[in-house]
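Summary of structural features
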Amino acid sequence: FIDEKAPASEIVRAQRLLRFLGYYDGRTDGTYSEALKEAILRFQMKQALVGDSASPGAGRIGPITRRTLRDTWNRVLVQQRAGDFLDIAHVDEEVMKRG
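Anyway, here's the lowdown on the structure attached to this text. All values reported here derive from a predicted model rather than from experimental measurement.

Bringing the environment of Gly59 into the picture now. Structurally, Gly59 is set in the loop between α2 (34-46) and α3 (63-98). Linking Gly59 and Phe43, residues 16 residues apart in sequence, is a C-alpha distance of 9.0 Å. Residues contacting Gly59, with those up to four places away along its chain left out, are Tyr32, Lys37, Ile40, Leu41 and Gln44.

Moving on, we get to the nonpolar core. Residues Ile2, Leu18, Leu36 and Leu69 are the most contacted members of the largest nonpolar core, which totals 16 residues. Listing elements by their share of this core, those giving two or more residues are α1 (8-20) and α2. Those residues within four positions of Leu18 in sequence are excluded, and the remaining contacts are Tyr23, Tyr24, Leu36, Ala39, Ile40, Phe43 and Leu69.

Its volume calculated, the largest pocket comes out at about 220 Å³. Put simply, the parts of the chain that give the lining of the largest pocket at least two residues each are α1 and α3. Here the lining of the largest pocket is composed, by residue class, of 6 nonpolar, no polar and 4 charged.

Calculation criteria
Residues numbered from 1 in each chain as written. Predicted model: local features only at pLDDT ≥ 70, side-chain atom pairs only at ≥ 80, totals over all residues. Heavy atoms only, no water. Helix = DSSP H or I, 4+ residues; strand = E, 2+ residues; numbered from the N terminus. Contact = heavy atoms within 4.5 Å. Core = buried A, V, L, I, M, F, W, Y, C linked by side-chain atoms within 4.5 Å. Buried < 20%, exposed > 50% of the residue type's maximum accessible area, 1.4 Å probe, protein only. 1 Å grid on protein atoms, 1.4 Å probe; cavity = no way out; pocket = protein on both sides within 12 Å on 5 of 7 lines; lining within 4 Å. Points joined across faces, edges and corners; volume = space filled by probe spheres on them. Nonpolar A, V, L, I, M, F, W, Y, C, P; charged D, E, K, R; others polar.

So, in structure tokens, the structure goes:
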């Protein structure tokens, strides 16, 4: 679980992941802050994992939120890679057209 009792190294990983996904813009310092809790909650609400801040597990990363974060991370990486490959294919097409 990622909450106020989690090791700093795990909290840092959560901060980095949530920053990459666009939910967290606080410091990457291994501290379970209110900003991190709110970032987790925003992610959970966007993914329909919780209804509000009073829902069980809201603002903490447990097994379901962790799995959803991992799946979201993978989806974003695939989208980025696909974009890169499409750009390369476009460049190849232009090179072939222009000789």
